[in-house]
Each structure stands twice: as C-alpha cells, then as structure tokens.
Amino acid sequence: MTDIKTVEQHQRRLRRCRRCPDMQGPPVTGEPVVSPVMLIGQAPGNREIELHRPFAWTAGKTLFGWFARIGLEEEDFRQRVYMAAVCRCFPGKLDKGGDRVPSREEIANCRSWWQQEIALLQPQLLIPVGKLAIAQFMPVNKLNDVIGQRHRIEIEGKQRDIIPLPHPSGASTWHRTEPGITLLNKALQAIKRHSAWKKISAEC
C-alpha cells in the first residue's frame with residue numbers, strides 16, 4: 001500500500017511542473033492523503049493559486065456544502081479525500097470575462113499527474129466534478145445523461161466506480177434547477193452509500 005511519504009514526493013514533483021507556458025502557477029495540490037476516494041476537479045481559479053489549495057473560494061463553499069449533507073464537513077473532507085484536477089494551474093481569464101478553458105495540449109500535459117495518482121492510490125471511488133473532469137473518463141454531452149448514476153469503468157487496467165458531480169460554479173444554474181436538483185441529490189446519495197465513502201466518513 002502506498003504510504004504518505006510517497007504521495008508527498010509525488011506532490012513535490014508536481015508543484016515544480018512548468019510544462020504549460022500559458023498557465024499561471026504554481027500548481028495547486030490538495031492534502032497528501034492516502035484515501036480510497038479521489039475527487040478530480042477541472043482547474044484552479046486565481047484564488048486557489050493565491051491560497052494554495054483546491055476549491056478555496058466561492059465554488060468550494062457550494063461543493064463542501066454538498067459533502068456536508070452526506071457526512072463530511074470541509075476540513076474533514078480535505079483530510080480524508082485525495083483532491084486532484086484535470087489541470088493544476090490557473091488557465092487565466094478570457095478578454096470577455098470568465099476563466100479560459102484549458103487547451104487540449106495543456107490537458108494532455110497534465111494528464112500524467114492524475115494518472116500517476118490513480119496508480120499510486122488505487123482509489124475505489126472517483127468523483128469527477130464538472131464536464132471537463134467527467135469527459136476524461138466517459139463521453140458527456142449533457143449532464144442529465146451522466147449525473148445521478150454510478151458508472152463502472154476500466155481505468156489503468158482496473159474496474160473503478162465513478163460518480164460524477166456537476167461543477168458548483170455560481171455561474172451555473174444546472175444544479176439549482178430541475179432536473180439538476182434531483183440528479184445532484186441522487187449522485188450524493190450514491191456517494192454516501194459507496195463502501196469507500198462509508199470507510200472515510202466512519203473515521204469522523
């Protein structure tokens with residue numbers, strides 16, 4: 001089983017990464033947690049870069065509110081779930097406002113980091129948050145088609161459970177209107193029932 005020192009070494013290498021010249025770093029990592037549950041976000045915002053932790057601002061408040069509903073408050077979550085992302089640096093702002101979507105090349109450059117983390121931690125449950133994260137594991141045209149279900153997918157040669165969530169952005173209305181409200185609740189209940197979640201939440 002991977003120990004915490006191995007995860008810390010991995011994260012030190014990750015934080016030195018400068019592969020993408022248009023990205024704004026330094027790379028953001030979550031806590032070096034050895035966990036059966038891995039959350040995969042999209043990319044940090046400028047506040048996350050300043051504060052050096054994922055989901056550190058407005059979207060994070062919403063996200064951690066969801067997890068509090070099923071038994072883990074924010075700090076417990078950060079200490080018990082490994083937090084990864086499709087890209088670890090801030091893509092920057094668009095001229096017309098909003099965050100830039102990472103390019104295919106940037107996504108490919110960063111892919112090896114979360115793939116290594118899956119290989120190291122062997123998570124039983126993956127929680128991709130937002131379309132960009134979900135799309136790394138399965139086709140996603142509409143959130144309605146994938147949220148609210150547990151998916152069994154082969155990743156790195158092993159079958160793993162994936163329960164996707166919508167992005168908790170304040171700019172999105174999906175999770176605040178139907179059918180998003182109902183599908184989000186179904187997804188959270190599926191996470192709550194999962195054996196890996198029960199294991200980490202029982203430690204509280």
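Use the structure listed above.
Residues numbered from 1 in each chain as written. Predicted model: local features only at pLDDT ≥ 70, side-chain atom pairs only at ≥ 80, totals over all residues. Heavy atoms only, no water.

J.: Let's hear about helix 3 (residues 58-69): which residues, and what values?
T.: Between its first and last C-alpha, helix 3 extends 17 Å over twelve residues, near the 16 Å set by a 1.5 Å rise per residue. When we look at burial in helix 3, the residues that qualify are Ala59, Gly60, Leu63, Phe64, Trp66 and Phe67. What you see down the axis of helix 3 is that its buried residues fit within an arc of 145°, all on one side. The exposed residues of helix 3 that point more than 90 degrees off its buried face are Thr58 and Lys61. Of the residues flanking the end of helix 3, it is Gly71, one or two places downstream, whose phi is positive at about 115°. (Helix = DSSP H or I, 4+ residues; strand = E, 2+ residues; numbered from the N terminus. Expected span 1.5 Å × (residues − 1). Buried < 20%, exposed > 50% of the residue type's maximum accessible area, 1.4 Å probe, protein only. Arc of directions from axis to C-beta.)

J.: Give a description of the packing of aromatic side chains that names residues and reports values.
T.: Going through the model one piece at a time under the given rule, you end up with five aromatic pairs. Seen in terms of ring centroids, Phe67 and Phe77 are 4.4 Å apart; in terms of plane orientation they differ by 20°. Their pairing is stacked. Linking Phe67 in helix 3 with Phe77 in helix 4 (residues 74-80), this pair joins segments that are ten residues apart in sequence. In this pair, the class of Phe67 matches that of Phe77, namely buried. Ring plane angle 45° and centroid distance 6.2 Å describe the contact between Phe77 and Trp197, whose orientation is recorded as tilted. Of this pair, Phe77 sits in helix 4 while Trp197 sits in helix 8 (residues 195-201), placing them 120 residues apart in sequence. (Phe/Tyr/Trp six-rings, centres within 6.5 Å; stacked < 30°, edge-to-face > 60°.)

J.: Any details on a positive patch on the surface? Residues and values, ideally.
T.: On the surface, Arg12, Arg13, Arg15 and Arg16 cluster together into a positively charged patch. Along the chain, Arg13 turns up in helix 1 (residues 4-15). (Patch = residues over 30% accessible without salt bridge, like charges linked within 9 Å, V, L, I, M, F, W, Y side chains within 5 Å. Areas by Shrake-Rupley, 256 points an atom, 1.4 Å probe, with all protein chains shown as cover. Salt bridge = Lys/Arg side-chain N within 4 Å of Asp/Glu carboxyl O. Lys, Arg positive; Asp, Glu negative; His and termini not counted. Charge placed at Lys NZ, Arg CZ, Asp CG, Glu CD.)

J.: Describe in detail helix 7 (residues 180-193), supporting the description with residues and values.
T.: Along an α-helix, residues three or four positions apart point the same way, because every turn accommodates 3.6 residues. When the terminal C-alpha atoms of helix 7 are compared, their 20 Å separation across 14 residues agrees well with the 20 Å that a helix rising 1.5 Å per residue should span. The set of residues buried in helix 7 consists of Gly180, Leu183, Leu184, Ala187, Leu188, Ala190 and Ile191. End-on, the buried residues of helix 7 take up no more than an arc of 155°, which puts them together on one face.

J.: Describe the sheet that holds strand 4 (residues 151-155), with residues and values.
T.: Spatially, 2-1-3-5-4 is the arrangement adopted by the five strands of the open sheet, whose pairing is mixed. Bordering the open sheet on either side are strand 2 (82-85) and strand 4, each of which pairs with just one other strand. Neighbour-to-neighbour, the strand axes of this sheet turn through a mean angle of 35°, independent of strand direction. With five bridges connecting them, strand 4 and strand 5 (residues 158-162) associate as antiparallel partners. Note on strand 5: the bridge partner recorded for Arg152 is Asp161. Across the sheet, helix 5 (residues 104-121) is in contact with strand 1 (37-41), strand 2, strand 3 (125-128), strand 4 and strand 5; its angle to strand 2 comes to roughly 155°. (Pairing = 2+ DSSP bridges. Axes fitted to C-alpha atoms, helices over the stretch in contact; angles between N-to-C directions. Contact = heavy atoms within 4.5 Å.)

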